[in-house]
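Fold and geometry: a report
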Amino acid sequence: MPEITVELEVFCSTCGSELTTDSETESPSGYSNNHAFKVTVSPCGKCLEERFEEGKEEGKEEGIEQGKKEGKEEAEEAKKEGVESGN
Ligand SMILES: [Zn+2]
């Protein structure tokens with residue numbers, strides 16, 4: 001199989017940063033077509049960070065709502081159990 005070198009530039013579609021450090025190019029096994037190759041990229045660090053912060057905020061709000069709901073359910077459950085056991 002002939003070795004080919006492909007110079008590839010990948011950019012973040014969100015902010016336009018060049019993604020070179022984390023990109024990986026390989027010819028996938030199972031492809032008989034030598035022209036096919038696979039590129040794996042990770043989002044750029046800046047966007048990852050931004051998404052992480054966004055997710056943290058969303059998760060915090062969701063967690064609070066979920067906690068409130070679960071706390072209420074648990075309190076009701078405990079009340080029911082208390083009534084059943086005669087306390
Ligand atoms: Zn980016």
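Provided above is the structure to which this section pertains.
The structure contained in this document is the topic of the report that follows. (Residues numbered from 1 in each chain as written. Predicted model: local features only at pLDDT ≥ 70, side-chain atom pairs only at ≥ 80, totals over all residues. Heavy atoms only, no water.)

This part covers a nonpolar patch on the surface. A cluster of nonpolar residues, Ile4, Val6, Leu8, Val39 and Val41, forms a patch on the protein surface that exposes about 380 Å² of accessible area. For Val39, a relative accessible area of 35% gives the class partly exposed. (Patch = residues over 30% accessible without salt bridge, like charges linked within 9 Å, V, L, I, M, F, W, Y side chains within 5 Å. Areas by Shrake-Rupley, 256 points an atom, 1.4 Å probe, with all protein chains shown as cover. Salt bridge = Lys/Arg side-chain N within 4 Å of Asp/Glu carboxyl O. Buried < 20%, exposed > 50% of the residue type's maximum accessible area, 1.4 Å probe, protein only.)

Moving on, we get to helix H1 (residues 45–84). Counted at 1.5 Å a residue, the expected span for H1 with its 40 residues is 58 Å, and the 55 Å between its end C-alpha atoms agrees. Gly86 sits one or two positions beyond H1 and adopts a positive phi of about 85°. (Helix = DSSP H or I, 4+ residues; strand = E, 2+ residues; numbered from the N terminus. Expected span 1.5 Å × (residues − 1).)

Moving on, we come to the coordination of the zinc ion. Around the zinc ion, the protein contributes the donor atoms Cys12 (SG), Cys15 (SG), Cys44 (SG) and Cys47 (SG), which lie 2.3 to 2.4 Å from the metal centre. In this structure, the zinc ion is coordinated by four donor atoms arranged in tetrahedral fashion, with angles at the metal of 100 to 121°. When the donor residues of the zinc ion are listed from N- to C-terminus, their spacing reads C-x2-C-x28-C-x2-C. Here the residue Cys12 occupies a position in the segment before strand E1 (24–26), and Cys47 occupies one in helix H1, the gap between them amounting to 35 residues. Neither residue differs from the other here; Cys12 and Cys47 are each classed as buried. (Donors = N, O, S within 2.8 Å, 3.2 Å for Na, K, Ca; no water. Tetrahedral: all angles 85-135°; square planar, octahedral: opposite > 155°, others 65-115°.)

One finds Val10, Cys12, Leu19, Cys44 and Cys47 forming the largest nonpolar core, which totals five residues. Contacts of Cys12, omitting those with residues within four sequence positions, involve Ser17, Leu19, Cys44 and Cys47. (Core = buried A, V, L, I, M, F, W, Y, C linked by side-chain atoms within 4.5 Å. Contact = heavy atoms within 4.5 Å.)

Attention now goes to a negative patch on the surface. A cluster of like negative charges, contributed by Glu70, Glu73, Glu74, Glu76, Glu77, Glu81 and Glu84, occupies part of the molecular surface. Along the polypeptide, Glu84 turns up in helix H1. With a relative accessible area of 66%, Glu84 lands in the exposed category. (Lys, Arg positive; Asp, Glu negative; His and termini not counted. Charge placed at Lys NZ, Arg CZ, Asp CG, Glu CD.)

With that out of the way, let us pick up the pattern of salt bridges. Taken as a whole and assessed by the stated rule, the structure comprises four salt bridges. Here Glu54 ties to Arg51 by a salt bridge, and the two come within 3.9 Å at their closest N and O atoms. You can see Glu54 and its partner Arg51 sitting in helix H1, three residues apart, about one turn around the helix. The shortest N-O distance in the salt bridge between Lys56 and Glu53 comes to 3.6 Å. Taken together, the residues Lys56 and Glu53, both in helix H1 and three residues apart, mark about one turn of the helix. The exposure class of Lys56 is partly exposed, given its relative accessible area of 43%. Given the relative accessible area of 35%, Glu53 is considered partly exposed.

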